[in-house]
Structure formats: C-alpha cells, structure tokens
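# Coordinates in review
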Amino acid sequence: MKTVIMTVVLFLSISMTTLFPQEKSRRELKEEKKLEKQEQIMAMLNAREFIFIATLAIPSGMRPVNLPVNQNHVKFQSELIESYMPFFGYATGSVGYGSDTGLKFEGKPESFTVQKNKNSFQVDAVVNGESDKFTLSLSVGLEGNASLTIISNKRSAVSYRGEIYEIKHNEDL
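Residues numbered from 1 in each chain as written. Predicted model: local features only at pLDDT ≥ 70, side-chain atom pairs only at ≥ 80, totals over all residues. Heavy atoms only, no water.

### A few points about the pairing of strand S4 (residues 81–85)
The criterion, for reference: Exposed residues in this analysis have more than 50% of their type's maximum accessible area, buried residues have under 20%, and partly exposed residues fall in between, with area computed by a 1.4 Å probe over protein chains only. A run of H or I in DSSP becomes a helix once it reaches four residues, and a run of E becomes a strand once it reaches two; helices and strands are each numbered from the N terminus. Two strands pair under a simple rule: DSSP has to find at least two bridges between them.
Residues Ile81, Ser83 and Met85 line the buried face of S4, whereas the alternating positions Glu82 and Tyr84 sit on a face that is not buried. The sheet contact formed by strand S3 (residues 73–77) and S4 spans 4 bridges and is antiparallel. Along S4, the bridge assignment pairs His73 with Tyr84. Where S3 folds back on S4, the antiparallel hairpin that results is connected by 3 residues. Taken together, the 5 bridges between S4 and strand S5 (residues 103–107) define a ladder with antiparallel strand orientation. Bridging across to S5, Tyr84 finds its partner in Lys104.

Right, here's the structure in full:
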C-alpha cells in the first residue's frame with residue numbers, strides 16, 4: 001500500500017512540474033528585449049525615418065563637449081533631413097562671428113543610402129543648406145547607439161555620439 005501511495009505522489013509531483021510553464025530567466029528576458037530593440041532599429045533604418053539625438057560633441061582638434069538635455073537632433077526622413085545641432089570648431093569663408101547658428105539646416109537629401117554591415121548600419125547623406133553643403137555619415141549599432149559626423153564646406157568637421165529613436169508624429173501639428 002505504501003508503494004502505491006508513494007508511486008501516486010511521485011507521479012503527481014512530476015506531472016505538476018511539467019504542467020506549469022517555467023518562467024523565463026532574467027538572461028532570457030534580457031536577450032528577448034535586446035532582439036526586440038534590434039528589430040525596431042532595423043525597421044527604422046529600412047524605412048529611412050528616425051531621429052538622432054546627441055549626448056556628446058567631439059570637435060576636430062578640441063576637447064569633447066557634453067551636450068545637456070537641450071533640443072539637439074538630426075531628423076532623417078527620405079524626403080527631408082533636418083539638423084538642429086550645435087557647432088564647436090573652426091569656421092572659414094563667410095561664416096561671421098556672432099551670427100553663427102550652429103549646424104542648423106534642412107533640405108531634401110541629394111543622396112541618402114543605408115547599408116547593413118556585420119554588426120552595424122552605415123547611413124550616408126548629402127544635403128544642400130541655404131549657403132553650405134553638408135555631408136552626414138552616421139554609424140548605428142544594432143542596439144541604437146550611434147556616431148554621427150557632419151562635414152561642411154565652410155566649417156571644420158564635428159562628430160557626435162548619441163542614439164537613434166523613432167520619430168513621434170503628433171496629430172496636433
């Protein structure tokens with residue numbers, strides 16, 4: 001009789017552990033979240049619609065500059081690229097002191113390419129501003145971290161570090 005009861009208890013305990021789904025470990029949850037983020041980044045880049053927000057500026061020949069939470073960004077869209085980035089560096093030509101507005105421009109890109117590399121994406125674009133031509137080179141990691149270099153005809157090159165995000169469209173506008 002004892003063996004029958006023990007067998008039933010053993011059978012029930014084994015069946016109970018297999019009936020309830022096992023919870024995912026922290027590592028599995030983290031990996032799923034990472035894959036979801038990578039898919040989101042790939043979708044934004046393939047659609048050619050995202051915004052780069054910088055946290056650090058690295059001017060040519062100067063010390064890096066931390067960028068506070070101000071509204072610095074470059075908005076990439078297939079029909080329009082809009083830049084509102086600060087400029088640190090040397091200007092040449094007709095850029096006057098005191099009248100400098102940073103790297104603020106918008107325009108339809110002459111060229112706009114997105115290439116997938118092994119562990120990153122490379123985005124290259126050329127935009128004509130009002131009085132200058134800008135070449136943008138953006139390297140994006142699979143998790144959204146990014147490095148942007150803006151080269152201008154009238155200013156020294158500036159690199160920025162930051163991340164890309166989805167553009168939030170407001171219906172109120």
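There is more to say, and it comes next.
### A closer look at the packing of aromatic side chains
As a reminder, the rule being used: Under the pairing criterion, centres of Phe, Tyr and Trp rings, with the six-membered ring standing for Trp, must be within 6.5 Å; the plane angle then separates stacked pairs below 30 degrees from edge-to-face pairs above 60, leaving the rest tilted.
Enumeration over the complete set of coordinates arrives at 3 aromatic pairs. On the numbers, 4.9 Å between centres and 20 degrees between planes, the contact of Phe50 with Phe76 is stacked. Of this pair, Phe50 sits in strand S1 (residues 49–59) while Phe76 sits in strand S3, and the two are 26 residues apart along the sequence. Phe76 gets classed as buried once you look at its relative accessible area, which sits at 1%. Judged by centre distance (3.9 Å) and plane angle (5 degrees), the ring pair of Phe105 and Phe134 falls under stacked. Taken as a pair, Phe105 in strand S5 and Phe134 in strand S8 (residues 133–141) lie far apart in primary sequence, 29 residues in all. An identical accessibility class is assigned to Phe105 and Phe134; each is buried.

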